[in-house]
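For reference, the chains in residue letters:
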Amino acid sequence: MKTLRYNFFVHVRHPSYRLVTKADAPFPSGTSEDEWKLTRSREAGDVNAEVRDAVDRDGYSLFRIGLSLSDIPQS
């Protein structure tokens, strides 16, 4: 039985941006694979449910590392 895996990428020029895709899926349109460096591959059970949901819905999950508390929108 094949195990579902997710690939984690870091943007080459903007390393605070991270992209997650299913390992067997085509790369998302709107960007190119040469703009990203593969950092790791994880089994589905080792991936946050919100990230898995975003990948299922949009074909990828994009997020940024290094935000500060001041980046949270005020209500």
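Residues numbered from 1 in each chain as written. Predicted model: local features only at pLDDT ≥ 70, side-chain atom pairs only at ≥ 80, totals over all residues. Heavy atoms only, no water.

Enquirer: Which parts of the structure should I look at to understand the nonpolar core?
Expert: Grouped burial of nonpolar side chains is what soluble globular proteins tend to show. Ranked by size, the top nonpolar core spans seven residues in total: Tyr-6, Phe-8, Val-20, Ala-44, Val-47, Val-51 and Val-55. Looking at this core, the elements with two or more residues in it are strand S1 (5–11) and helix H1 (49–58). Those residues in contact with Val-47 that sit more than four places away from it in its chain are Tyr-6, Phe-8, Arg-42 and Arg-52. (Core = buried A, V, L, I, M, F, W, Y, C linked by side-chain atoms within 4.5 Å. Buried < 20%, exposed > 50% of the residue type's maximum accessible area, 1.4 Å probe, protein only. Helix = DSSP H or I, 4+ residues; strand = E, 2+ residues; numbered from the N terminus. Contact = heavy atoms within 4.5 Å.)

Enquirer: Explain the sheet that holds S1 to me, please; I cannot follow it from the model alone.
Expert: Strands sit in the order S3-S1-S2-S4 across an open sheet of four strands; the sheet is antiparallel. Either end of the sheet is taken by a strand with one partner, and the two such strands are strand S3 (36–43) and strand S4 (61–64). Averaged over neighbouring strand pairs, the angle between their axes works out to 25 degrees when direction is ignored. Pairing analysis gives five bridges linking S1 to strand S2 (residues 17–22), with the strands arranged antiparallel. Paired with Phe-8 across the strands is Val-20, a residue of S2. (Pairing = 2+ DSSP bridges. Axes fitted to C-alpha atoms, helices over the stretch in contact; angles between N-to-C directions.)

Enquirer: Can you help me understand the pattern of salt bridges in this one?
Expert: One pass over the full model with this rule turns up four salt bridges. Close ionic contact of Asp-56 with Lys-22 constitutes a salt bridge, the shortest N to O distance being 3.0 Å. Taken together, the positions of Asp-56 in helix H1 and Lys-22 in strand S2 put the pair 34 residues apart, joining distant regions of the chain. For Arg-57, the salt bridge is made with Asp-58, and the minimal N-O distance between the two is 3.1 Å. Exposure remark for Asp-58: the relative accessible area of 42% places this residue in the partly exposed category. (Salt bridge = Lys/Arg side-chain N within 4 Å of Asp/Glu carboxyl O.)

Enquirer: Which parts of the structure should I look at to understand H1?
Expert: Structural remark: α-helix, 3.6 residues per turn; residues separated by three or four positions point the same way. For H1, every residue scored as buried is listed here: Val-51, Ala-54 and Val-55. Burial along H1 is one-sided: seen end-on, the buried residues are contained in an arc of 100 degrees. H1 presents Glu-50 and Arg-57 as exposed residues on the side facing more than 90 degrees away from its buried surface. Summarising the contacts, the buried residues of H1 are in contact with S1, S2 and S4. By the N-cap criterion, in which a side-chain oxygen at the helix start approaches the backbone nitrogen of a residue two or three places on, H1 is capped by Asn-48, the distance to Glu-50 being 2.7 Å. Once H1 ends, the next one or two residues include Gly-59, with phi positive near 90 degrees. (Arc of directions from axis to C-beta. Polar contact = N/O pair within 3.5 Å; in protein donor to acceptor, adjacent residues only side chain to side chain.)

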